[in-house]
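Structural characterization, general
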Amino acid sequence: MDFVGTGMSELARVEYPRERKANMAEHLIIFDTTLRDGEQSPGISLDPAEKLEIAEQLANLGVDYIEAGFPVASQGDFEAVQAIARGVDGPVIAGLSRTNLSDVDRCWDALRDADAARIHVFISTSPTHMEHMLKMTPEQVLQETTAGVARAREFTDDVEFSPQDATRTPVDFMLEVLAAAVDAGATTLNIPDTVGYGIPWDFGSMITYIREQIAGDYVLSTHCHNDLGLATANSLAGVKAGARQVEVCVNGLGERAGNAALEEVVMALAIRDDVFDEVTTSVRTEELSRTSRLVSRLTGYPVQYNKAVVGRNAFAHESGIHQHGVLAERSTYEIIEASKVGQKGSQIVLGKHSGRHAFADTLAKMGIKVQGEALSAAFTRFKELADRKVQITEADLEAIVVEELGADVETGYVLESLEVAGGTVKEPRAHVIISLGGRKSEGDATGDGMIDASCRAIRDATGVEARLVDFNVSSVTGGIDALGDVVVQIEDGDVRVSGRGVSTDVVEASARAYLNAVSRLVRTRSRDDVRRIVSGP
Ligand code: KIV
Ligand code: ZN
């Protein structure tokens, strides 16, 4: 992609010309196990209809295999695998099975109507699993392997075998079991890092060693768990060492800390195709975000905000320096084009680290053109708010600017400070400092509540008596730090004007709205005075 032959890539290796890569690349099988290992995440339980909906989207995403479930585990799982086998076109449908013959038979019963089906047979091979779980000797495990794989081969030519807990299995024994599986007819050898114990270079060496030691026509596969946060790295190391299938889950779901995330593995291969020039996948990356959202919705597992590729912050920039860079040229701080993974595009998130550049740009995109002093005033106000509010949305911005521009353009009163005190015991009181054309004045008052006291203090400071006839407060956005948007109407004789104020603090928003209305009242009165003087009594 864009980065071939630059920086680190140049140091790392000699480049192949692009055209050569396309010809040499082998297909990497994407084996999705969201509906089997992913569903084993604590607290997830999908019904057959939900599993079918996800399977259809996985087919749309372009995965090669869908491991639809573990049919012997429950009637629900059996039905889900059967429904997917019957109803989903495109990917090969796989089911998981222990080596017991009755498990294998049940697995096949669920899969038999698929256009193409795989039985995935597994048995534990590590000393700890054999001793404490299986209570079997290594010899028995070898026999089980042969029997289970051979039974599966009676039903289908596509049989995968996994020595569970492979990364904690003595290598010689693992090789013996794998060789037995190949002899019995396994066509894929999957190497599970069941407890996420592997380290990328060791895992890669293990894959290389297996390839060297086990003869036969089979595909090597990785199945990496994320207990040390290395599942994606280990899977990629496996690919680099010759694995041609990766087992992955959408959003990195799976037992405990999960499995290698489909979206991470696929995008690492796509973005660093200069490094992984030996493989290609058929995943339609534009569908990644949609798939992630669907899986998150149906499983009830939220996607962490900063999740690579599909997290809501994956393309969001908050600091002024980053925003400036991205606005000038996207690639300064982004290696993935958001649309390539179905995300909306770079997002400039306005917050307390944002700069004037991003602020003005966001307003311009909203169709609000502000320049010069008005922009400075609005920016200052935005910064004050950003210190108090986690994230400022477009709706918040519009409210700030409308209020701030109203005051600036029409040169009205400015609220310099507001102090309020009160509660259920003490009488509410307020102290304000306001300015008009740079001249400051202060006001104090008590009132029925803090809002009432603030309005009275403004009356004291401005000397403008007016009756509050309408008061309306609403929240601009949701959440406890939402902006309160206050609109008031005040009346003095036959003149009625309105004012608006926004703040995360509803008392402050009310004071701002009241002062805004007083400014308008004063202007209206002075225009009337001028008219009267010009036209005579
Ligand atoms: O993690 C694991 O070992 C598994 C096997 C069943 C492949 O999920
Ligand atoms: Zn697993």
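For the structure given in this document, a descriptive report is provided here. The structure displayed is predicted, hence computed values, not measured ones.

**With respect to the packing of helix H7 (residues 138–155) against helix H8 (residues 171–184)**
Between H7 and H8, the least distance of the axes is 8 Å, while the angle of their chain directions is 25°. When the interaxial angle is binned, H7 and H8 end up roughly parallel. The two elements H7 and H8 cross, and the hand of that crossing is right-handed. Contacts between H7 and H8 involve Pro138, Val141, Leu142, Thr145, Thr146, Val149, Ala150 and Arg153 from the first element and Phe173, Glu176, Val177, Ala180, Ala181 and Ala184 from the second. In the contact of H7 with H8, the residues fall into 10 nonpolar, 2 polar and 2 charged.

**Topic: the coordination of the zinc ion (ligand 2)**
The zinc ion (ligand 2) binds to the protein through Asp37 (OD), His223 (NE2) and His225 (NE2); the donor distances cover 2.0 to 2.1 Å. Along the chain, the residues donating to the zinc ion (ligand 2) fall in the pattern D-x185-H-x1-H. Taken together, the residues Asp37 in the loop between strand E2 (29–32) and helix H3 (48–61) and His225 in the loop between strand E8 (219–224) and helix H10 (231–240) connect sequence positions 188 residues apart. Classification of His225 by relative accessible area gives buried; the value is 3%.

**With respect to the side chain of Thr222**
Within the fold, Thr222 resides in strand E8. In this view, Thr222 contacts Asn190, Ile191, Phe203, Ile207, Ser235, Gly238, Ala243, Gln245, Val246 and Glu247; residues no more than four positions away in its chain are not counted.

**Some thoughts on H10**
When you tally the buried positions in H10, you get 8 out of 10 residues, the bulk of the element. Looking only at H10, the buried set comprises Ala231, Thr232, Asn234, Ser235, Leu236, Ala237, Gly238 and Val239. On its buried side, H10 packs onto strand E7 (188–193), helix H9 (200–213), E8, strand E9 (245–248), helix H11 (262–271) and strand E10 (279–280). In the stretch just after H10, Gly242 is the one whose phi turns positive, near 120°.

**Observations regarding the pattern of salt bridges**
Scanning the entire structure with this criterion turns up 26 salt bridges. Put simply, Arg118 and Asp158 hold a salt bridge, and the shortest N to O gap is 2.7 Å. In this pair, Arg118 is assigned in strand E5 (residues 117–124) and Asp158 in the loop between H7 and strand E6 (159–164), connecting sequence segments 40 residues apart. In terms of burial, Arg118 and Asp158 fall into one category: buried. A salt bridge links Asp157 to Arg153, with the shortest nitrogen-to-oxygen separation between them at 3.6 Å. With a relative accessible area of 58%, Asp157 lands in the exposed category. Residue Arg153 is classed as partly exposed on the basis of its relative accessible area, which comes to 31%. Because the salt bridges share partners, they merge into one network encompassing Arg36, Asp37 and Glu67.

**As for the site of ligand 1**
In the region of ligand 1, the neighbouring residues are Arg36, Asp37, His120, Phe122, Ser162, Gln164, Pro192, Thr194, His223 and His225. For ligand 1, an oxygen atom lies 3.4 Å from a polar atom in the side chain of Gln164. With respect to ligand 1, the side chain of His225 contributes an N or O atom lying 3.0 Å from an oxygen atom. Mapped onto the shell around ligand 1, the elements with two or more residues apiece are E5 and E6. Among the residues forming the shell around ligand 1, the class breakdown is 2 nonpolar, 6 polar and 2 charged.

**Side note on empty space enclosed by the protein**
Counting across every chain of the model gives 2 cavities of 30 Å³ or more. Computed from the structure, the second largest cavity encloses a volume of approximately 30 Å³. Classifying every residue of the lining of the second largest cavity gives 4 nonpolar, 1 polar and 1 charged.

Calculation notes
- Residues numbered from 1 in each chain as written.
- Chains lettered and ligands numbered in written order.
- Predicted model: local features only at pLDDT ≥ 70, side-chain atom pairs only at ≥ 80, totals over all residues.
- Heavy atoms only, no water.
- Axes fitted to C-alpha atoms, helices over the stretch in contact; angles between N-to-C directions.
- Helix = DSSP H or I, 4+ residues; strand = E, 2+ residues; numbered from the N terminus.
- Parallel < 35°, antiparallel > 145°, perpendicular 65-115°, else oblique.
- Left-handed = near helix turned anticlockwise from the far one by under 90°.
- Contact = heavy atoms within 4.5 Å.
- Nonpolar A, V, L, I, M, F, W, Y, C, P; charged D, E, K, R; others polar.
- Donors = N, O, S within 2.8 Å, 3.2 Å for Na, K, Ca; no water.
- Buried < 20%, exposed > 50% of the residue type's maximum accessible area, 1.4 Å probe, protein only.
- Salt bridge = Lys/Arg side-chain N within 4 Å of Asp/Glu carboxyl O.
- Near = heavy atom within 4 Å.
- Polar contact = N/O pair within 3.5 Å; in protein donor to acceptor, adjacent residues only side chain to side chain.
- 1 Å grid on protein atoms, 1.4 Å probe; cavity = no way out; pocket = protein on both sides within 12 Å on 5 of 7 lines; lining within 4 Å.
- Points joined across faces, edges and corners; volume = space filled by probe spheres on them.

Function cannot be inferred from these measures alone, as they are strictly geometric.
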